[in-house]
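# Architecture and fold: a report
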Amino acid sequence: MKSPFIKGKLDLLSIFFGLLLFAPAFSSAQQTLSEKDKELFAQAVRETRNGSFEDALNHSLEALRIRTEKFGANSLYVASVLSNLGVIKSQMGLTDQAIEYYQMALNIYSSKGEAELKRLGAVHQNLAICFSAQGDIEKADSYYENAKRIFQKLNLTNSDLYESLLLNLTSYNIDYNNLSKAEEYNKQSFKISTPKKYEYIKWFNKGQILFKRKEYRQSILTFEKALKIGERDSDGNFPEKERIEMNLGDVYLEMEDFDRSLMHYLTAKELIEKRDEKQSIPYSSCLKGMGLNYLRKKSSESKVENFLSLQKINIVTSLDYFQKAIIAITPGFTFEDWNANPDPEITIDKTILLDALKNKAEALFMLARLEEKQENNEDCVRNLKLALETYDLALKTIHLIRNGFQNQKSRLFLSENEHPVYSNAVEVAVRLYERTNDRYFFERGFEFSERSRSSDFQSMLRELQAKEISEIPDSLLRKESLLKGDIATFENFIFNERSTAAPDLKKINQWKDKIFSLNQNYQQMISFIEKKYPRYYQNKYADPIVSVDKVQHSLDRREAFIEYFINDAVKNSQGDLYIFVITDHEYKLIHKPLAPGFSNTVDQFLQFIKNGMVLNTHKADYIKYARNAHALYQLLIEPVIPSMQNYKLVIVPDDKLAYLPFDAFLSSAADTTRMDFRKLDYLVHHNAISYTYSATLLYYYFQNNLKYKNNLAAFAPDYSSGPQESKDEADQFLPLPGAEAEVTGLTGLIPGDLYTGANGTKQKFLKNAERYDILHLAMHTILNDTLPLYSKLVFSPDVSGKGDRTLNTYEIYNLKLNSDMVVLSGCNTGSGKLQKGEGVMSLARAFLYAGCPSIIMTLWNVEDVASSAMMIEFYRNIKNGYSKDEALRRAKISYLSQADPMKAHPYFWLGYVSIGKQTPLFKTKAIYFAGLLIFVFLAIVLEKWYFKRKKKN
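In this text, all values refer to a predicted model and were calculated from it rather than measured experimentally. Residue indices begin from 1 for each chain and proceed along its sequence in written order. It should be noted that, the model being predicted, local features are given only for residues of pLDDT at least 70 and side-chain atom pairs only at 80 or more, the latter also being counted only at that level, while totals for whole chains, interfaces and linings use all residues. The side-chain numbers reported here are obtained from all heavy atoms of the structure, hydrogens and water having been left aside.

## As for the overall build of the protein
The way it works is that DSSP assigns letters per residue, a run of H or I at least four long becomes a helix, a run of E at least two long becomes a strand, and they are numbered from the N terminus. Along the backbone of the protein there are 36 helices and 16 strands. Exposed residues in this analysis have more than 50% of their type's maximum accessible area, buried residues have under 20%, and partly exposed residues fall in between, with area computed by a 1.4 Å probe over protein chains only. The buried share of the protein, taken over its 953 residues, is 58%. In the protein, once contacts between residues fewer than 6 apart in sequence are set aside, the share between residues at least 24 apart is 73%. If you sum the accessible surface of the protein, you get close to 40,800 Å²; carbon and sulfur atoms cover 51% of it. Any two residues having at least one pair of non-hydrogen atoms within 4.5 Å are treated as being in contact. Only the protein chains shown count as cover for residues, with accessible areas throughout obtained via the Shrake-Rupley method and a probe of 1.4 Å.

Laid out in C-alpha cells, this is it:
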C-alpha cells in the first residue's frame, strides 16, 4: 500500500482545495441570508483555513442548524455548510464522517439538476480524495472520473476548479505510484494560468514525482522552491509549510543524511505544535518520520560492543517515537509503554495507524535480533513476542480496512501492497517456534500464512455464505443480483468498445455515468442489508481461519498437507522458504534460505515444460530440465518426504510455485547420457498430488454434504464454422478434432449428455449446466492477464445469431452450479495473472466460487490428441472408484508407459492438475469384490456346518 505518511500530507492538502471550491456557494446567496448567518459561516471558513478545526466545526454546526430551520434540509444554503463540514472532518482525519457530510451535500446538488453541476463536480472531487485517503482506489477512481467529466462538460478546463482537480489527480497518482500519469497531470496544471495561490503546490507535486523517481537532489531543489513560493504568496507561515518540511525530511532520510533529515522533521514538528495540533495525522506522520530516522541510523563505532550499544539506543529511541505517533492518532490512548497497543476501531485513520504499527513491529524485531547477538535470550524472546502481538494487531487493522471496501479492485490492491506485513508476521512466529518449540507459535505462523492467501476470494465467499444463512428475502437478493448484472453489462460494453480500433469516447462516458449511478444504488442496497440483517453483517465480516487441529482431523491416514510460504527477498538476501507440514498425527516446520539462483531455476523449469516445440528439444535442454527438476525436488519435497513415502500430498503453493506442476519434479538424479523422458524418476510415480489455494478454502468453504448422481454434461464446441472475415478473436480458433473424440469417449464410460457441434453453445451451457454433477468442457479459452475477469471460454456460434459465444470469467462468478467436479479441458484454464496475496487469477477460481468444489484444470496449451487419451483414462479411473488426484496420477502414468521417448516429454502429459476436494465420485469395485469374497467365505462355512450337522443327525 502507499505510504500513509505521504498520503496523510497530500490528502489534507488536497481537501483544502475542496474548501475553496465551496466559498462561492454562500457568497452568491448573501442577499437572502441574515448578516449573522453570513458572518457565522464566513468565520467557520476562516477557521477551517487557519486550522482551528474545533472552532470551525462548532460554528459550522450552528450555521447548519440555522439554515436548516430557515430554508429546509434540501436547500443549497444547507448544502454549502454540509460541504464545509466534510472539509473540516477530512482535515481532522475523520474521513468516514466527512464522506457522510459530502454524500448529503451530493444528494442536494444532484436533486437540482444541471444548474448545480459545477458544485456537484467539486463534491465528487472531495469524495475521491476521502476514498483515496482510505485506500479505496476503485471508488476514488470513479469519483475523480466523474468530476473530470463534469468540468469538461462545463468547459471549465482553464478554471481554478479544474486546476485544483489536476493538482489532486497528481497527488493521487503519486501516492499510488502511477508516476507517468502524475507527471502528465502536473504538466497540465502548470499550463493553467490562475491566481498564484496554487503555484507552490505544483512545485510541491513535482518534487514528489522526482522523489519517487529517486532523483533526490532535484527533488530537494524543487521542494525548496515550493517552500520559497509558498512563503512569498502568504504571510510566511502557511499551513502546508510543515508538509514540505516533512517531505524534505523524507528525501534526506532516503539519502541516509540522518542529521539533515532530523532537522527538517524537527522544524515540521515545531510548526505543528505552534498550531496545537498534537492529535492529528500530520503530527503522527512527523513523529513516525523521526522514528524511522533513528531506526535506520548507522553507527560509526568500530568496536562491536560499542556499535551494538549505540544501535540499541537508536532502536529504543525509534520505538518511543513510533509509540507517540500511535498516540497522536488515537483519541483516549495515552500509554507510552511499548507493551500497549490501541483498539484500531477508535483511531483517527486506520491506514496511518497501520503504518505506525508496522514500523513499531519492525523496530521490536530488530531489537530482538540485537538481543540475540548479545546472547540475551530472555530479552530476545520477550521482544519477539511483542513484535508478534504488534504484527497481529496490524493484520487485524488490515482486515478492518478491507471490510470497508465493497469493490474488488481496492481489496486486491490492499492484499498486494500489505503482503510484506504477513511475511514479517510469519517470520517472527517461525523464529519464536524455533527458539521455544512451542506449538502455539507454529499455529500462529500457520495462521498468518493462511491469512495472506486469497483474502479477496475468501471475502467474496463469506459474503455468499452470509446471504445464504441470513434470511434475506429472495426479492431483495434478486434485486441485488440484477444490479450486479447491469454493472457487469455496462463494464463489458466499455471493455469491448475500448478494444475497437476507434473507440467512441461519447459512448464510453455515457456508460461510465450509468455504471456510477448503478454503483451508488448498489452501495446503498448493501448498506441497507447490513443494517437490516445483522446476521448477514456478522457473517460477512467474520474472518475464520482453519486451525491446525481442524486440518489434522480432516486428513486421511496416509495424506499430508503441505503449505509453502516464501518470504519476500530483502537487501543481501533472496528470501526464505517456510514449509508447514501437517498429517493426521504430526506437524513440522521446515525453514530454508533460498539460494540466489532459485527464481532462475523456476523460470527455466517452467519455460521447458510449457514449450510445445518438442521436436526442437536438444540434449542440453534435457540435461538442464533434469537438473532443475531434481533441484526443485530437493528444495520443496525431499525435506518433507522421508516419513511420508507414498502419501497423498495436498499442496498449497506460494508465489511462482503456483505455476509449477510438482508431478514433474525428479525424485532422483537422472541418467543424462541419453535422452529418454520415459525413464525419468518423476514424483508422479510416488505420490498423488492435488492443490488448493489455502487450507481455509479447502476445509472450511469447499466441504459440503451434497449427494450427487454423477450425471455428466460434456461440451465440445464447433470451431469450423467461424466466418473467415470475422475480426472477433473467438472466431479465429482452429478446430479441435480430439475434443469431440474425448467427450464421446467419456460418455461411453459415464452416462451423460453430449453438447457438440451446433449444440455446444454458451446458451445451452447457461440453461443446463446447473442440472449436472460433472461438467466437462473441452474447448478453447481466451486468456486476459491484464483483466482476468475478461478471460473467457469459447463455445460454438449461436445459429440464431442473437447470442454471444464467449463466457467471461465474471459471468461464471454469477452462476449457481451444483457440480461436484468441473474438468476444464481447454488451454490455460488454470493459468492467469499472479496476484500477490491472492494467487493465480484463473478461470478455475470462478468455478470454485460458483459452487464446484473440485476442478481439473490446465496450466498451459495442452496438446489435443494426448490430452484426449489422458482424459478418457482419467474418467476410467474415476469410474473405478479412485479419488480425483489418484485417478489423474494413474492416467499420467498410463500415458507415460505407452508414449515414445519424445511423446513422454512433460509438455504432453503434465498440463493437467487437480485442485479442491479429492473425494471419489464412485464407490470402488474393490468394495464389491471384498463383499463377494466375504459372501463366498460365509457360504462355504455355512455349507460345511450344514453337512456336518446332517451327518451327525
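More follows now that the structure is in view.
## A few points about the sheet that holds strand β9 (residues 781–782)
For two strands to be treated as a pair, DSSP must find no fewer than two bridges joining them. Pairing is antiparallel in the open sheet, where 3 strands are placed in the order β9-β10-β11. Unpaired on one side and paired on the other, β9 and β11 (806–808) mark the two borders of the sheet. In the sheet, strand β10 (residues 792–794) pairs with β11 via 3 bridges, with the strands oriented antiparallel. Counterpart to Val-794 in the pairing with β11 is Thr-806.

## Some remarks on the environment of Lys-592
Tracing the sequence through the fold places Lys-592 in strand β3 (residues 587–593). Considered as a pair, Lys-592 and Leu-636 are 44 residues apart in the sequence and their alpha carbons are 9.7 Å apart. Once residues lying within four places of it in the same chain are set aside, the contact partners of Lys-592 are Asp-576, Leu-577, Gln-634, Leu-635 and Pro-639.

## Thoughts on the packing of aromatic side chains
Planes of paired rings set the category: under 30 degrees apart is stacked, over 60 is edge-to-face and the rest tilted, where pairs are Phe, Tyr or Trp rings (Trp by its six-membered ring) whose centres lie within 6.5 Å. What the rule picks out here adds up to 39 aromatic pairs. Aromatic pair Tyr-440 and Phe-441: ring centres 5.2 Å apart, planes at 75°, arrangement edge-to-face. Its relative accessible area of 40% is what places Tyr-440 among the partly exposed residues. Taking the centre distance of 4.7 Å and the plane angle of 40° together, the rings of Phe-662 and Phe-665 count as tilted. Judged by relative accessible area, which is 0%, Phe-662 ranks as buried. What makes Phe-665 buried here is its relative accessible area of 0%. Members of the aromatic cluster, joined through ring pairs, are Tyr-564, Phe-605, Phe-608, Tyr-622, Tyr-625, Phe-662, Phe-665, Phe-677 and Tyr-691. For a Lys NZ or an Arg CZ to count as sitting over a ring, it must be within 6 Å of the ring centre and within 35 degrees of the ring normal. One cation-aromatic arrangement involves Lys-225 over Trp-203; the distance from NZ or CZ to the ring centre is 3.9 Å.

## Quick look at the packing of helix α33 (residues 864–879) against helix α34 (residues 884–898)
Axis geometry follows a simple rule: fit a line to the C-alpha atoms, using only the stretch in contact for helices, then measure angles between N-to-C directions, giving values from 0 to 180 degrees. At their nearest, the axes of α33 and α34 sit 8 Å apart, and the two run at 135° to each other. Judged by the inter-axis angle, α33 sits oblique to α34. By crossing handedness, the relation of α33 to α34 is classed as right-handed. Here Ala-866, Met-870, Met-871, Glu-873, Phe-874, Asn-877 and Ile-878 of α33 come into contact with α34, specifically with Lys-884, Ala-887, Leu-888, Arg-890, Ala-891, Lys-892, Ser-894 and Tyr-895. Basically, the charged four are Asp, Glu, Lys and Arg, the nonpolar ten are Ala, Val, Leu, Ile, Met, Phe, Trp, Tyr, Cys and Pro, and anything else, Gly included, counts as polar. Residues belonging to the contact of α33 with α34 are distributed by class as follows: 9 nonpolar, 2 polar and 4 charged. The cut-offs work like this: below 35 degrees is roughly parallel, past 145 is roughly antiparallel, 65 to 115 is roughly perpendicular, and the gaps in between are oblique. Here a crossing is called left-handed whenever its near helix is offset anticlockwise from the far helix by less than a right angle, and right-handed whenever the offset is clockwise.

## Side note on the nonpolar core
As used here, the term nonpolar core means buried Ala, Val, Leu, Ile, Met, Phe, Trp, Tyr and Cys residues forming a set that is joined through side-chain atoms within 4.5 Å. Ranked by size, the top nonpolar core spans 117 residues in total, and within it Tyr-625, Phe-662, Phe-847 and Phe-874 carry the most contacts. Each residue touching Phe-662, except ones within four places of it in the same chain, is listed here: Tyr-564, Leu-636, Ile-637, Ile-651, Leu-657, Leu-683, Ile-689 and Tyr-691.

## Some remarks on helix α19 (residues 419–436)
Under the 1.5 Å per step criterion, the end-to-end length of α19 is 26 Å for 18 residues, consistent within 8% with the ideal 26 Å. Considered for burial, the residues of α19 that qualify are His-419, Val-421, Tyr-422, Ser-423, Ala-425, Val-426, Glu-427, Val-428, Ala-429, Val-430, Leu-432 and Tyr-433. Backbone geometry just after α19 places Asn-437 at a positive phi near 60°. One fewer than the residue count of a helix, multiplied by 1.5 Å, yields its expected span.

## Quick notes on empty space enclosed by the protein
Residues are said to line a cavity or pocket when one of their atoms sits within 4 Å of a point; the points come from a 1 Å grid over protein atoms alone, cavities being sets where a 1.4 Å probe fits but cannot get out and pockets being open sets with protein on both sides within 12 Å along at least five of seven lines. Grid points are joined across faces, edges and corners, and a volume is the space filled by probe spheres set on the points. Across all of its chains, the model carries 8 cavities of 30 Å³ or more by this definition. Reported here for the largest cavity is a volume of approximately 340 Å³. Looking at the largest cavity, it is lined by 25 residues, and the ones nearest its centre are Pro-653, Ala-658, Tyr-693, Gly-839 and Val-840. Elements with a contribution of two residues or more to the lining of the largest cavity: β13 (833–835), β14 (839–841) and β16 (912–916).

## Some words on the pairing of strand β1 (residues 559–566)
Taken across its 8 residues, β1 has 8 buried, putting it largely inside the fold. Of the strand pairs in this sheet, β1 and strand β4 (residues 648–652) are connected by 5 bridges, and their pairing is parallel. Bridge pairing in β4 links Ala-560 to Leu-649. Sheet topology note: the β1/strand β2 (residues 576–582) ladder contains 6 bridges and is antiparallel. Each residue of the ladder has a partner; that of Tyr-564, found in β2, is Ile-579.

## Concerning the packing of helix α17 (residues 377–403) against helix α20 (residues 439–451)
Following both chains from N to C, one finds α17 and α20 inclined at 30°, their axes separated by 12 Å at the closest point. Accordingly, the angle class assigned to the pair α17 and α20 is roughly parallel. The crossing of α17 and α20 is left-handed. Between α17 and α20, the contacting residues are Lys-385, Leu-388, Asp-392 and Leu-395 on the first element and Phe-441, Arg-444 and Phe-448 on the second. Looking at the contact of α17 with α20 residue by residue, the classes come out as 4 nonpolar, no polar and 3 charged.

## Some points on the side chain of Ser-189
For Ser-189, the position within the fold is in helix α9 (residues 179–191). With near-sequence residues (within four places) excluded, Ser-189 lies in contact with Glu-163, Leu-166, Leu-167 and Lys-202.

## Quick notes on the pattern of salt bridges
For side chains bearing opposite charge, pairing can occur when the charged atoms are close. Any carboxyl oxygen of Asp or Glu within 4 Å of a side-chain nitrogen of Lys or Arg constitutes a salt bridge here. One pass over the full model with this rule turns up 45 salt bridges. We note a salt bridge from Glu-427 to Arg-431, for which the minimum N-O separation is 3.6 Å. With Glu-427 and Arg-431 both in helix α19 and 4 residues apart, this pair spans about one turn of that helix. What makes Glu-427 buried here is its relative accessible area of 12%. The exposure class assigned to Arg-431 is partly exposed, which follows from its relative accessible area of 26%. Notably, a salt bridge pairs Arg-889 with Glu-886, separated by 3.1 Å at the nearest N-O pair. Separated by 3 residues within a single helix, Arg-889 and Glu-886 lie in helix α34, roughly one turn from each other. Taken individually, Arg-889 and Glu-886 each receive the classification buried, so the pair is uniform in this respect.

## Focus: the environment of Leu-615
With respect to the helices and strands, the residue Leu-615 is situated in the loop between α26 (598–609) and α27 (619–636). Take Leu-615: its relative accessible area is 79%, and that puts it in the exposed class. Separated by 288 residues in the primary sequence, Leu-615 and Lys-903 have C-alpha atoms spaced 9.6 Å apart.

## With respect to α27
Here α27 spans 26 Å end to end across 18 residues, near enough to the 26 Å set by a 1.5 Å rise per residue. Inspection of α27 places Tyr-622, Tyr-625, Ala-626, Asn-628, Ala-629, His-630, Leu-632, Tyr-633, Leu-635 and Leu-636 among the buried residues, and these make up the whole buried set. Against β1, β2, β3, α26 and α35 (906–909) lie the buried residues of α27.

## Points about a positive patch on the surface
Think of a patch as exposed residues, more than 30% relative accessible area, with no salt bridge, where like charges cluster within 9 Å and nonpolar side chains (Val, Leu, Ile, Met, Phe, Trp, Tyr) cluster within 5 Å. Note that His is not counted, nor are the chain ends; the positive residues are Lys and Arg, and the negative ones are Asp and Glu. Each charge is placed at NZ for Lys, CZ for Arg, CG for Asp and CD for Glu. Taken together, the side chains of Lys-187, Lys-191, Lys-206 and Lys-225 present a region of like positive charge at the surface. Mapping Lys-191 onto the fold places it in helix α9.

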